[in-house]
Structure formats: C-alpha cells, structure tokens
Amino acid sequence: MRFLAKIKEKQMQKRLVGALFGLLCAGMLVMPSAWAGSWPPYFYGTDGNTKQLTGAKVSLDTGSYLGIFGGYNDDKPGQRVYKNQITLTGNTNAYYASGGSSEYGDATENTVSITNMDKFGRAIYGGSSINGDAVKNTVSITNMYNFGGEVFGGSSRYGDAAKNTVSITNMDNFSGEVYGVAIYGGYSEYGDAAENTVSISGGSKVNCFVYGGNAYKESVNNTVNIKDSTIKGKVYGGWAYDGLSEKNIVNISASKIVDDVYGGYTENHLDVDTITIDNNTVALQNGTIVKGTVYGGVDYKGKVTPKNNTLEIAGVGNKAGNVKNFDNFNFVVDNTVRYGDTMLTITGTPAAADDLTVNNDKLNVKVVNPEKLIAAEATTANKTITLIDHQAGVIGLTGTKDVSVTAGALLTYDGEVSLTEDKKKLTLEIGNFKEFTPEAKSLVETRSAAGFVVNNMADFMQSTGMEQARAAAFEGDKELAPFVAIGGSKMRYETGSYVDVNGWNGALGIAKKGGDMTYGIALEHGKGSYDSYLDSGAHADGDIKSTGGVIFGELKQDNGVHFEAALRAGRVKSDYQSATTSYDESSTYYGFSLGGGKEIAMNDKAALDLYGRFYYTHTNSSDTTASSGEKLAFDAVNSQRIRLGGRYTVDMNDNSQAYAGLAWQYEFGGDAKAAINGYAAPTPSLKGHSGIVEAGYKLNAGKNLVLDFNLNGAFGKQRGFGGALAAQWQF
C-alpha cells in the first residue's frame, strides 16, 4: 500500500513508466535491493529541484535516483518540453531517466547521453509525452554494461512519435529476460510512429526486441541500423498493432540475429483486408547471419499480401534461415566479392525453408568495380557469382534472362542471371560495358557550368569593368584611378539538356590614361551555384568559384574608332552532388579577348557605339574520382565566342546618362568532353546563338563618385537576366 500511495502522489511518473510499474506491483520486476524500505529522490532540471520546460542541462556521475528528468511538465496544459539535456556517466544509477517529459504537451528535441556506466535501472526516454507528440528526441548510449530495461528515443501515449533516434555503441549484456523489454526508436501507444531510427553498433550484445517504430496505428519510414553486433531477439523496421506498416528499412551489416527480421509488420487487430505492408526494405551486408526468417512484410492475420518489398544483399557470406514476402531483389557486388563467391545462403534452419521465386525483371545488380572482375576472367575457371544458394529448397526464376548491371552510379554492363541444373543456385555472369546511366551526362554538365562562370567573368570585365576603368582613368604620369564593379545574374544554358546558374561577378582594379590609351590591371572573381537537369529527370547541383587576374588596354581615337585587348588567367574550382554520387574538381584557365568598334555621334546629347569582340578561353583538363568510385577524366574545354552589338547612350543632364544595347553572340566551341572509367561520356556543349539586351543608368553621385546601374537579359542558347552595380572613385 505504501507503494501504491507513492505512485498516486506521482501521477506523471505512474503514466510515464506505465507497464513497468504495473509489473513491479505484480512482483514481476524487482527494485534494486539497495532501495528496499526507502525510495531514492527524483532529480528535476539543472539544479535537481526545478521543473523546467526548456534549457535544462543535467550532468551526473554519481548518486541513486528514482527518476531523472531534464525537462518536466505535469501541470501546464499545452506547454511543450523541449531542448533539455541529460548526461550520465560513472556510478550514477536510476530507475528511469527522461530527457524531457510532458503530460499535456509535446516533448521535442530532448537528449539523454549515457557513457561508461556499469548498470542502470529500467527505462530510458529521450523524450516522452502522455497527450502530446514526441518528436526529434535522442538517446545515445556508449559503453554500458548490465542494463535490463527499455530504451525509447521518443514515446507518446495518445500522440505520435516521429523523428526520434536511439544510438547504442558497445553495449554489453543488454538483457531481454524481463518481459516486455525492448529498444524503440519511436513508440506510440495509440498513435503513429514515423521516421524514427535505431542504430546499434560497436560489438553490442542485445538480448531483446528492436523496433525502429512501434505504434497502435501506422508505422511508416522507420529505420533500424545494426552493425558488428549480436541481437538475441526479433528486429522490426516498423511494427503496427492495428494499422499499416510501410516504407520501413532494416540495415544489418556483419552482425548476428538469432531470431526473425521484419521490414514491416502489422498485428491487423481489426482483421481487415484494407491495410498495407508494402515498400519495406531489408538489407543484409558483409557476412550477416540471421538464424530466423527474413520477412519483407507480415500481416499476422494473413488478410493482406505484402507487396513491393525489397531484399538487398551486399558482400559475401550472408545467411538466413528463410526468406519470405519479397518482390524486389537488389545485389551489391562490392570489392569483397570474387568469382565463385556466394552472396546469400538460405540455410533452412532451424525450420524448413520455403521455395523462393525471383522475378528477373525485378532483380537489380550493382557492381562496385566491374573492370576488376572482368580482368580476373582470364585466370578464373568459375566466371560466375552465386547470388543465392538455397540449400533447403529450390529457386524459381521468371522474367527475362538478361539483366542490366549497374556499375557505381554512372555505367551499366551486360549481365546474365541463370539457375543451376538443380535449381538451388541463382548465378550471375557479368559481360561487357553496355551504356551510361542518364546521370553520366549530368555529371559532365559541371564543366559546362564552370565554363559559363569563367566566360561570364570575361564578359563582365570587358563590359561593365572596362566601362568603369575608362571612366575612372585620367591623364597624368603618376596618378592611378581605382575602380570596382559588382554584378549578379540568373542564367540558363541549353547544353542538350539545361543548366541553371545563379551567380555574381566582381572586379577590382586600377586604371591609368595616357594620351588615347587607357590601361590597367584588375582582380576578377566569379561565384555561382548551379542546378543541372536532364530529360530523364536526373538532377544535380553544386558550387563554382573562379578567381584570376586581368591585364587590359583600350585605344580610343578622336574619330570615335576604338580598339581593346585583355589577357586573363586564374583557377576555377567546382563541386558536384547528386542523389547517387559527388566529386570535387579544379582547373587552371587562361584566355584573351580582342575587340574594336566606332562611336558615332547622333547629336550633341546622344551617341551610338557599334562594336565587335572575340573571346577565347581555355580551361585545362583534370582528373578526379567520384564518390561512387568512377575515375573521371575531363578534357580541356576551349571556348571561342564572337559578339557583335551596339549601345545607344543619351545624356539626361549634366550628372546622368541612360543607355540601352543589343548584341548577338555565337559560341563556336565549348564542348565539355570527359571519360568515365575510360569510356567516352555524353558531351554537353555551349555551342550556339544567343541574343543579349541591356539597359542602364549612370549617375554622378558626388564630387568624386560615379555610379553605374545595369540590367541585362539573354535569350537563345543562353537565357536569363542579370544586373550590376559599379562605381568609380576619382581622387
């Protein structure tokens, strides 16, 4: 009765640990003997006595407590408990701990971190709520021994549990001998569990069930990652009592699972045929052994057939007692796989295994290094890889015999899948290079985008930059005039697909005028972010930076005829990211421009300047390696452009001018050639016609300051718009 009275006084604690305290009352759980006859205290908030909603930072390395709470709310309806932290080490002991607990509101972004502890009580919560949601809470456990309780990333009774995380490293003797003990990424007694994650690694030994998400209703998009560990219990990506279980993922690498593994599971308590257990994935990697059955999805009542679930096998030496309810089979032939190896063995123990049907049209093979395998053919008698060895049954193969083998992210090879005569082994033979994936061209688009940034710098310097240099310079043997120009643009280049580049350019230099000649030097810099798109839907993005120097000069005669020239050199750096690969690359560039024209006076306030320019830019070749393993060799890019146009300028008053211009441009080259693993990749090109329009306004803003505002647009091969702000300061 003393115990029941104590629980009544602490209603929040009773609801928080619910089932555990019920089991304790029934005698199924036993409090530590050191606590017999007396109860240790509760610890609230940073100081141990304050019930904080947020900002609590609890750090303990000794002491015994009934409960440790970072944040806590048991009497404020609608108030969430958020961003609280608990750090426990050493000899601290408690019956349960919660980073943040709220009876009436949400529990969000709370954290419990436990390191180097020998023992703990019965329950650890990143965040918990009775009537609200538990979202983005975290439990991290490293080097703990002799723990016989439950771990919840986030837990809610009537709300949802979403985006919570449990991370366990080197946990020894996590005991599941007590009824109901488990590890949950997210748990909801009457709601949904979505996007929760459990990660177990570092030689952990766990004797309990593991759930990415566990919910009364829906369990969706939850993940379990297990690496280098042993689990003596069932593993569920998602578990639902009365709802669907979809899009859950279980990744197991170099580990041993003594029981069954489920991508998705539902009890289907209402016994209906309308729920789904589809689109779940189980991945077995690098010698993983599952003693039980690996399921894509399971309806306990058997009313629903799971669909479109995926089994992924990577590396060699993987084993499973049985495999059921998978439609898709993905095999990753990594660098550990050699001809003659077996990737998955179905042992049929401890119970007899079912026959397995594989639809070849839903079988995908990805080879990390196909060239290495192909090179080994000359010295290898067995030129096949066994994908599945069914020791306790037979394999049925449907669909076409030939498969497309994906190498890394960018190449495909011919492949042939076949059954041995006894139909117990499914084997793969890899053929020759077939074709590139659609993303291969997207990868080379980066060189086109880099070429645009370098060319855009040249355009900017020879137009806006040169305009400022000309205006800033004046006669004198010793005076130099500084100038600065900054501009931005949003352009689309048609390259066979298209590339969108958002960027800005800057030029900072000094100029001098002597007679009819204006000359100087400048530092030019360009920066852009790009997105490349293919008709296939492939998309990638990245950043480009370019910095260099320019030497320039212009000769303008009294009759309005003018000539200009510039030399430039620098370095351009770019990076590339897509859904499947990435790389970084840098190259040196150099080039020149030549131009000339004539300024014609229309009247005493207006003039028309007709001009022509030729631009040449060379970007050196470079080699790099994609994150997916492919060797990338980029050829040098040579751009040759001609531009013909005119600008009409009108003096508005003594302090301002307005101008407008129109030009035609043609790119003769700009091909971005590349080889991927020695094979010539699809080539995007900048070659083509573009039209360019501009308008601007110059203002003498003071005794020494002149400002220039410019807007410009382009159509054709190059499409988009831009703007610039330039200034000259005259001393």
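Position numbers for residues start from 1 in each chain and track the written sequence from start to end. Given that the model is predicted, a residue must reach a pLDDT of at least 70 before its local features are reported, and side-chain atom pairs must reach 80 or more before they are shown or counted; all residues, however, enter totals for whole chains, interfaces and linings. Each side-chain value is worked out from all heavy atoms of the structure, with water and hydrogens disregarded.

Brief notes about the overall build of the protein
Each helix corresponds to a stretch of at least 4 residues labelled H or I by DSSP, and each strand to a stretch of at least 2 residues labelled E; elements are numbered beginning at the N terminus. Scanning the protein from N- to C-terminus turns up four helices and 56 strands. Across the 731 residues in the protein, those meeting the buried criterion constitute 52%. Residue pairs in contact within the protein that sit at least 24 positions apart in sequence constitute 71% of those at least 6 positions apart. Using the Shrake-Rupley algorithm and a 1.4 Å probe, accessible areas are obtained, with residue cover drawn only from the displayed protein chains. Carbon and sulfur atoms form 52% of the exposed surface of the protein, whose accessible area is close to 30,200 Å². For each residue, the accessible area found with a 1.4 Å probe, counting protein chains only, is set against the maximum for its type, and the residue is called buried under 20%, exposed over 50%, and partly exposed in between. Any two residues whose heavy atoms approach within 4.5 Å at even a single point are treated as in contact.

With respect to the sheet that holds strand β52 (residues 674-676)
Here a strand pair is declared whenever DSSP counts at least two bridges between the two strands. The sheet built from four strands is open, its strands ordered β48-β49-β52-β53 with antiparallel pairing. Here the strands that pair on one side only, and so sit at the sheet edges, are β48 (622-625) and β53 (679-680). With three bridges connecting them, strand β49 (residues 631-634) and β52 associate as antiparallel partners. If you follow Phe634 over to β52, its bridge partner there is Ala674. Lines are fitted to the C-alpha atoms to define the axes, a helix being fitted only along its stretch in contact, and any angle between axes, read from their N-to-C directions, falls within 0 to 180 degrees. The sheet strands contacting helix α4 (residues 439-472) are β48, β49 and β52, and the helix crosses β49 at an angle near 45°.

Some remarks on the pattern of salt bridges
When a carboxyl oxygen of Asp or Glu is within 4 Å of a side-chain nitrogen of Lys or Arg, the pair counts as a salt bridge. Counted under the stated rule, the structure contains eleven salt bridges. A salt bridge links Glu599 to Lys556; the shortest N-O distance between them is 3.3 Å. Taken as a pair, Glu599 in strand β46 (residues 582-601) and Lys556 in strand β44 (residues 539-556) lie far apart in primary sequence, 43 residues in all.

With respect to the sheet that holds strand β20 (residues 219-220)
Pairing in this open sheet of seven strands is parallel, and the strands run β4-β7-β10-β13-β16-β20-β24 from one edge to the other. Of all the strands in the sheet, the pair left with one neighbour each is β4 (81-82) and β24 (245-246). The pairing of strand β7 (residues 107-108) with strand β10 (residues 134-135) spans two bridges and is parallel. Bridged to Thr108 within β10 is Val135.

Some remarks on a nonpolar patch on the surface
A cluster of nonpolar side chains, contributed by Leu480, Ile510, Ile521, Ile551 and Leu567, occupies part of the molecular surface with about 460 Å² of accessible area. With respect to the secondary-structure elements, Leu567 resides in strand β45 (residues 561-578). Judged by its relative accessible area of 55%, Leu567 is exposed. Note that patches include only residues with greater than 30% relative accessible area and no salt bridge, and the join distances are 9 Å for like charges and 5 Å for nonpolar side chains (Val, Leu, Ile, Met, Phe, Trp, Tyr).

Here we look at the pairing of strand β15 (residues 182-188)
For a regular strand, side chains alternate in direction, first toward one face of the sheet and then toward the other. Among the seven residues that make up β15, six are buried, leaving the element largely enclosed by the rest of the structure. Of the pairings in the sheet, the one linking strand β12 (residues 150-156) to β15 comprises five bridges and is parallel in character. Its bridge partner lying in β15, Ser155 is registered against Tyr187.

Brief notes about the environment of Gly723
By secondary structure assignment, the location of Gly723 is in strand β56 (residues 718-729). Considered as a pair, Gly723 and Lys490 are 233 residues apart in the sequence and their alpha carbons are 9.2 Å apart. In this structure, Gly723 is in contact with Gly487, Gly488, Asn710, Leu711 and Asn712, ignoring residues within four places of it in sequence.

So, the environment of Gly67
Considering the arrangement of structural elements, one finds Gly67 in strand β3 (residues 64-73). By relative accessible area, Gly67 is classed as buried at 0%. Along the sequence, Gly67 and Ile124 sit 57 residues apart, while their C-alpha atoms lie 9.8 Å from each other.

Some points on the packing of aromatic side chains
We call Phe, Tyr and Trp rings a pair once their centres come within 6.5 Å, taking the six-membered ring for Trp, and we label the pair stacked below 30 degrees between planes, edge-to-face above 60, and tilted otherwise. Following the criterion strictly, the structure yields 35 aromatic pairs and no others. Ring centres 6.1 Å apart and planes at 75° place the aromatic pair Phe483 and Phe552 in the edge-to-face group. Within this pair, whereas Phe483 is found in strand β41 (residues 481-494), its partner Phe552 is found in strand β44, the two being separated by 69 residues in sequence. Judged by its relative accessible area of 2%, Phe483 falls in the buried class. Classification of Phe552 as buried rests on a relative accessible area of 4%. Summarising the aromatic geometry, the rings of Tyr666 and Phe668 are spaced 4.8 Å apart at their centres and angled 80° between planes, so their arrangement reads as edge-to-face. With relative accessibility at 16%, the residue Tyr666 sits in the buried group. Arg613 extends its terminal NZ or CZ atom over the ring of Tyr611, reaching a point 4.7 Å from the ring centre. The criterion is that NZ of a Lys, or CZ of an Arg, lies within 6 Å of the ring centre and within 35 degrees of the ring normal, and then a charge sits over that ring.

A look at α4
Helix length check: α4 (34 residues) gives 48 Å between terminal C-alpha atoms against 50 Å at 1.5 Å per residue, within 8%. One axis is fitted to the seven residues ending at the residue and one to the seven starting there. The bend at that residue is the angle between these axes. Residue Gly465 marks the point of greatest curvature in α4, where the axis turns by about 35°. Expected span of a helix, by definition, is 1.5 Å for each gap between consecutive residues, and there is one gap fewer than residues.

Details of the side chain of Thr92
Looking at where Thr92 falls in the secondary structure, it is placed in the loop between β5 (85-90) and β6 (93-102). Here a polar contact is recorded for every N or O atom pair within 3.5 Å, except that within protein the pair must consist of a potential hydrogen donor and a potential acceptor, and residues adjacent in sequence are included only if both atoms are side-chain atoms. Polar contacts involving the side chain of Thr92 include one to the main-chain amide nitrogen of Asp61, which spans 3.4 Å. Here Thr89 takes part through its backbone oxygen, which lies 3.1 Å from a polar atom of the side chain of Thr92. Every residue in contact with Thr92, bar those within four places of it in the chain, is listed here: Leu60, Asp61, Thr62, Gly63, Tyr65, Ile68, Met117 and Lys119.

Focus on the nonpolar core
In this description, a nonpolar core means a group of buried Ala, Val, Leu, Ile, Met, Phe, Trp, Tyr and Cys residues linked to one another through side-chain atoms lying within 4.5 Å. Within the largest apolar cluster, 107 residues are counted, with the highest numbers of intra-cluster contacts made by Ile68, Ile183, Leu311, Leu387 and Ile388. The element that contributes the greatest number of residues to this core is α4, accounting for nine residues. Core analysis: the next-biggest nonpolar cluster, separate from the first, contains 19 residues, Leu66, Tyr125, Tyr211 and Val298 among them.

Examining the side chain of Thr345
Residue placement: Thr345 occurs in strand β33 (residues 342-346). Ignoring any residue separated from it by four or fewer positions in sequence, one finds Thr345 in contact with Asn318, Lys319, Ala320, Asp389 and Gln391.

Re unusual backbone geometry
A positive phi angle is found at Lys136, which is not glycine, with a value near 60°. By relative accessible area, which is 45% here, Lys136 ends up partly exposed. Even without a glycine there, the phi angle at Asn325 is positive, about 65°. Along the chain, Asn325 turns up in the loop between β31 (318-324) and β32 (328-333). Owing to a relative accessible area of 33%, Asn325 belongs among the partly exposed residues under this scheme.

Quick look at the environment of Tyr187
Relative to the elements of secondary structure, Tyr187 occurs in strand β15. Each C-alpha atom, one on Tyr187 and one on Ala134, is 8.7 Å from the other, the two residues being 53 residues apart in sequence. With near-sequence residues (within four places) excluded, Tyr187 lies in contact with Phe152, Gly154, Ser155, Ser156, Ala161 and Asn214.

Brief notes about the pairing of strand β25 (residues 249-253)
Both strand β21 (residues 223-227) and β25 contribute to a ladder of five bridges, which runs parallel. Considered in β25, the bridge of Asn225 is made with Asn251. By the bridge criterion, five bridges tie β25 to strand β28 (residues 281-285) in an arrangement that is parallel. Across the sheet, residue Ser253 finds its bridge partner in β28, namely Gln285.

A look at a positive patch on the surface
Together, Lys205, Lys232, Lys256, Lys291 and Lys319 give the surface a local cluster of positive charge. Checked against the element boundaries, Lys232 lands in the loop between β22 (230-231) and β23 (235-240). When charges are counted, Lys and Arg contribute as positive and Asp and Glu as negative, whereas His and the chain ends are disregarded. Where a charge sits is defined by one atom per residue type, namely NZ (Lys), CZ (Arg), CG (Asp) or CD (Glu).

Some details on the confidence of the model for the protein
One number per residue, pLDDT, summarises how confident the predictor is, and it ranges from 0 to 100. The predicted model of the protein averages 85 in pLDDT, with 89% of residues at 70 or higher. A low-confidence stretch, residues 1-31 (pLDDT under 50), is modelled with 55 contacts involving residues beyond four sequence positions or located in other chains. Every residue in residues 33-37 scores below 50 in pLDDT, and together they form seven contacts with partners more than four places removed in sequence or on other chains.

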